[in-house]
Amino acid sequence: MVLFAISPGTQGLGGGRLLLEAFIEHCVANGQSDLYLETDASSNFRFYHHLGFQHICSTGPTPLKALRPT
């Protein structure tokens, strides 16, 4: 996946969580052992944290990077 975005007017309704959970399940079912994401400082990192992603570094062009161990 290259880009994951939810319209601001629909954020907080659970659609983004459902889409990302389905994507994670698809990846795991197809042998992806580690999932990484990069996001910028304005993104809601707590959203990813609640889905099991962990903050692993804050350097480079995208300051927040995360790993979801499987």
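Residues numbered from 1 in each chain as written. Predicted model: local features only at pLDDT ≥ 70, side-chain atom pairs only at ≥ 80, totals over all residues. Heavy atoms only, no water.

Caption draft 1: Up close: the overall build of the protein. For the protein, the count of helices and strands is two helices and three strands. The N-to-C order of helical and strand elements in the protein reads α-β-α-β-β. Out of the 70 residues in the protein, the part that is buried amounts to 20%. For the protein, the accessible area works out to roughly 5000 Å², and carbon and sulfur atoms hold 56% of it. (Helix = DSSP H or I, 4+ residues; strand = E, 2+ residues; numbered from the N terminus. Buried < 20%, exposed > 50% of the residue type's maximum accessible area, 1.4 Å probe, protein only. Areas by Shrake-Rupley, 256 points an atom, 1.4 Å probe, with all protein chains shown as cover.)

Caption draft 2: Molecular detail of the environment of Cys27. Mapped onto the elements of the fold, Cys27 is located in helix α1 (residues 15-29). Accessibility expressed as a relative area gives 8% for Cys27, which makes it buried. When neighbours within four sequence positions are excluded, Cys27 is seen to be in contact with Gln32 and Leu35. (Contact = heavy atoms within 4.5 Å.)

Caption draft 3: Just the pattern of salt bridges, in detail. Enumeration over the complete set of coordinates arrives at one salt bridge. A salt bridge links Glu21 to Arg17; its shortest N-O distance comes to 3.2 Å. Of this pair, Glu21 and Arg17 both sit in helix α1, four residues apart, which is roughly one turn of the helix. For Arg17, a relative accessible area of 39% translates into the label partly exposed. (Salt bridge = Lys/Arg side-chain N within 4 Å of Asp/Glu carboxyl O.)

Caption draft 4: Spotlight on the nonpolar core. Core analysis: the biggest nonpolar cluster contains eight residues, these being Leu20, Ile24, Cys27, Leu35, Leu37, Tyr48, Leu51 and Phe53. Mapped onto this core, the elements with two or more residues apiece are α1 and β1 (34-39). When residues of this core are assigned to their parent elements, the largest contribution, three residues, is made by α1. (Core = buried A, V, L, I, M, F, W, Y, C linked by side-chain atoms within 4.5 Å.)

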